[in-house]
Amino acid sequence: MTDAPTYGFDTLQIHAGAKPDPATGARQVPIYQTTAYVFRDAEHAAKLFNLQEVGYIYSRLTNPTVAALQERIATLEGGVGGVCCSSGHAAQLMALFPLMQPGRNIVVSTRLYGGTVTQFSQTIKRFGWSAKFVDFDDMDAIKAAIDDDTRAVFCEAIANPGGHITDLDAVSAVSDAAGIPLIVDNTSATPYLCRPIEHGATLVVHSTTKYLTGNGTVTGGCVVDSGKFDWAANDKFPSLSEPEPAYHGLKFAETFGPLAFTFHGIAIGLRDLGMTMNPQAAHYTLMGIETLSLRMERHVENAVKLATWLEKDARVDYVTYAGLPSSPYNKLVPKICPKGAGALFTIAVKGGYDACVKLVDNLEIFSHVANLGDARSLIIHSASTTHRQLTAEQQEAAGAGPNIVRLSIGIEDADDLIADLDQALAKATA
Ligand SMILES: *Cc1c(COP(=O)(O)O)cnc(C)c1O
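Being a predicted model, the structure only gives us computed values, none of them experimental.

Chemist: How would you explain the overall build of the protein chain if you had to name every residue and give the values?
Modeler: Each helix and strand in the protein chain was counted, giving 17 helices and 14 strands. Relative to a compact globule of 430 residues, whose C-alpha radius of gyration would be 22 Å, the protein chain shows 22 Å and is just as compact. Dimensions of the protein chain, computed from C-alpha atoms along their principal axes, come out at roughly 75 × 55 × 35 Å. The buried share of the protein chain, reckoned over its 430 residues, is 57%. For the protein chain, the share of sequence-separated contacts (at least 6 apart) that also reach a separation of at least 24 residues comes to 71%.

Dropping the structure here:
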């Protein structure tokens, strides 16, 4: 099924990237549990190593099971290519690596997954990179933060932890005007709810650990390229536009055109950084994606029911769910994520830090874990866990203050989830 655009999402989530195994006819994508691949002859090997022919060399770079997943995610996102890697955090580094050099910066939203805030505010400094954190509701602030050294703009489509929706069309207008790629983390939305490339994103990154796999079994990540950015328009992206010494002076942008970023990700990124997804993980994620649309519909339906119930509850100060008419982000739902605002939001609990801790300790169906996008409902008190390393100001800016818990609504019976929250809120606020 290579003429992908003619099929609907539900068909593609099962078939894209997969065809019966040429050797055995196996209908399901086999787990190609192999490290290396036999070359036809020495000339074949030389061509593969020169990137003159596409094929399998060594599973740090490419593996057929992983390749099926890459094609499936890229197809669902409407991109030209994808590179899977070992985690969502690996995907973020793999997205930035070809764009960055020491002294360069990225302009990023203050509302990001806690681990991403740490990766961007601390760890990337060791590479000589830096991040400027800006309120992504304020387009003038984004514009003002972009300078001559900025090489990317980064945000989440539906932002963790509050479920706030980013106006991707407005943000991409700013990044386009500056000639800078927009990278969108689409983990919380998934391509079923939001397709960032249609709103101007250059690259889409995923933690496949979450909804794409959907059952909390394996970590993984993916970078999808829209194929739309001209890396050779100026001298800002030499890794992609200038001769690559490790490949006899090959220029990725010139040789691979719209696939330049994807080829670079495999031939340089995975080859030298080695943040590879293994075929077992790819298998679990392929299984998960087959039911993505069905699960997301139920996730959204349950999230609407729970958020509506919580908003009316006297023990709760407020609910941030963008799917509620009261949310200032509700007006962006039809434009950015017309099938629903996801299933991730926060609530402010009366009684602050202590009540939040009691709430998470008294829930029976909800699990207290540092994860989201699982079939089962999850809760976390961000201020004492994922956002613990942040300053009080960073916590507030990220929507993760001491009185806030984040809910990731699963696909169980909504009535059971409401009853569970009811009994635990009673104990928390007694
Ligand atoms: C979990 C998560 C990440 C990091 O992904 P890992 O697979 O845990 O490395 C990045 N962004 C968002 C929005 C996430 O939820």
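Chemist: Talk me through the site of the ligand; I want residue IDs and the actual numbers.
Modeler: Not every one of the 15 residues close to the ligand is listed here, only the nearest: Gly88, Asp185, Ser207, Thr209 and Lys210. Note that an oxygen atom of the ligand is positioned 2.9 Å from one of the backbone N or O atoms of His89. When the ligand sits alone it has 380 Å² of accessible area, and the protein chains cover 92% of it. For the shell around the ligand, the element with the most residues is helix α4 (residues 88-96), which contributes 3 residues. Of the residues that constitute the shell around the ligand, the class distribution is 2 nonpolar, 10 polar and 3 charged.

Chemist: Explain the packing of helix α15 (residues 352-362) against helix α17 (residues 414-428) to me, and be specific about the residues and the numbers.
Modeler: Taken N-terminus to C-terminus, the directions of α15 and α17 make an angle of 140 degrees; their axes are 8 Å apart at the nearest point. Between α15 and α17, the angle is such that the two are oblique. Crossing of α15 against α17: the hand is right-handed. Contacts between α15 and α17 involve Ala355, Lys358, Leu359 and Asn362 from the former and Gln423, Ala424, Leu425, Lys427 and Ala428 from the latter.

Chemist: Hey, could you go over the pattern of salt bridges for me, with residue numbers and the actual values?
Modeler: If you walk through the whole model with that rule in mind, you get 15 salt bridges. Between Glu43 and Lys47 there is a salt bridge, with the nearest N and O atoms lying 3.5 Å from each other. Remark: Lys47 and Glu43 occur in helix α2 (residues 42-49); sequence separation between them is 4 residues, near one turn of the helix. Take Lys47: its relative accessible area is 32%, and that puts it in the partly exposed class. With a closest N to O distance of 3.9 Å, Glu254 and Lys251 form a salt bridge. By relative accessible area, Lys251 is classed as partly exposed at 29%.

Chemist: Outline the side chain of Ser408, listing residues and values.
Modeler: Here Ser408 shows up in strand β14 (residues 404-408). Given the relative accessible area of 1%, Ser408 is considered buried. Every residue in contact with Ser408, bar those within four places of it in the chain, is listed here: Tyr211, Ala343, Leu344, Leu372, Gly373, Asp374, Arg376, Ser377 and Leu378.

Chemist: Outline helix α11 (residues 260-273), supporting the account with residue identities and numerical values.
Modeler: When the local axis directions of α11 are compared, the greatest deviation, roughly 30 degrees, occurs at Ile266. For α11, every residue scored as buried is listed here: Ala260, Phe261, Thr262, His264, Gly265, Ile266, Ala267, Ile268, Gly269 and Leu270. Each element contacted by the buried residues of α11 is listed here: β1 (81-85), α4, β8 (203-207), β9 (221-225), α9 (238-241) and α10 (252-256). Immediately beyond the C-terminal end of α11, within one or two residues, lies Gly274, with a positive phi of roughly 70 degrees.

Chemist: Any chance you could break down the packing of aromatic side chains for me, citing the residues and the numbers?
Modeler: In total, this model carries 13 aromatic pairs according to the counting rule given. Each ring, one from Phe229 and one from Trp231, has its centre 4.5 Å from the other, and the planes form 45 degrees; the classification is tilted. Residue Phe229 shares its accessibility class with Trp231, and that shared class is buried. Geometrically, the ring pair formed by Phe229 and Phe237 is edge-to-face, given 5.7 Å between the ring centres and 90 degrees between the ring planes. By the ring-pair criterion, three or more aromatic residues cluster together here, those being Phe229, Trp231, Phe237 and Phe261. The residue whose ring lies beneath Lys210 is Tyr113, and the NZ or CZ to ring-centre distance is 4.7 Å.

Chemist: How would you explain the nonpolar core if you had to name every residue and give the values?
Modeler: Judged by nonpolar contacts, the single largest core of 88 residues is most densely connected at Ile165, Phe345, Ile347 and Leu359. Those residues in contact with Leu359 that sit more than four places away from it in its chain are Ile347, Val349, Ile379, Val405, Ala424, Leu425 and Ala428. Val83, Ile106, Val117 and Ile183 belong to the second-largest nonpolar core, a separate cluster that totals 43 residues.

Chemist: Tell me what's going on with unusual backbone geometry, and back it up with residues and numbers.
Modeler: In this chain, Asn160 is followed by Pro161 through a cis amide linkage whose omega measures 0 degrees. The residue Pro161 is located in the loop between β5 (158-159) and β6 (164-165) in this model. Within the chain, Leu51 stands out as a residue other than glycine whose phi angle is a positive 60 degrees. In this model, Thr190 sits at a positive phi of 65 degrees, which is unusual for a non-glycine residue. Thr190 sits in the buried class, given a relative accessible area of 0%.

How each quantity is defined
Residues numbered from 1 in each chain as written. Predicted model: local features only at pLDDT ≥ 70, side-chain atom pairs only at ≥ 80, totals over all residues. Heavy atoms only, no water. Helix = DSSP H or I, 4+ residues; strand = E, 2+ residues; numbered from the N terminus. Rg over C-alpha atoms; globule rule 2.2 N^0.38 Å. Buried < 20%, exposed > 50% of the residue type's maximum accessible area, 1.4 Å probe, protein only. Contact = heavy atoms within 4.5 Å. Near = heavy atom within 4 Å. Polar contact = N/O pair within 3.5 Å; in protein donor to acceptor, adjacent residues only side chain to side chain. Areas by Shrake-Rupley, 256 points an atom, 1.4 Å probe, with all protein chains shown as cover. Nonpolar A, V, L, I, M, F, W, Y, C, P; charged D, E, K, R; others polar. Axes fitted to C-alpha atoms, helices over the stretch in contact; angles between N-to-C directions. Parallel < 35°, antiparallel > 145°, perpendicular 65-115°, else oblique. Left-handed = near helix turned anticlockwise from the far one by under 90°. Salt bridge = Lys/Arg side-chain N within 4 Å of Asp/Glu carboxyl O. Bend = angle between axes of the 7 residues up to and from the residue. Phe/Tyr/Trp six-rings, centres within 6.5 Å; stacked < 30°, edge-to-face > 60°. Lys NZ or Arg CZ within 6 Å of the ring centre and 35° of its normal. Core = buried A, V, L, I, M, F, W, Y, C linked by side-chain atoms within 4.5 Å.

That is the geometry; function is a separate question.
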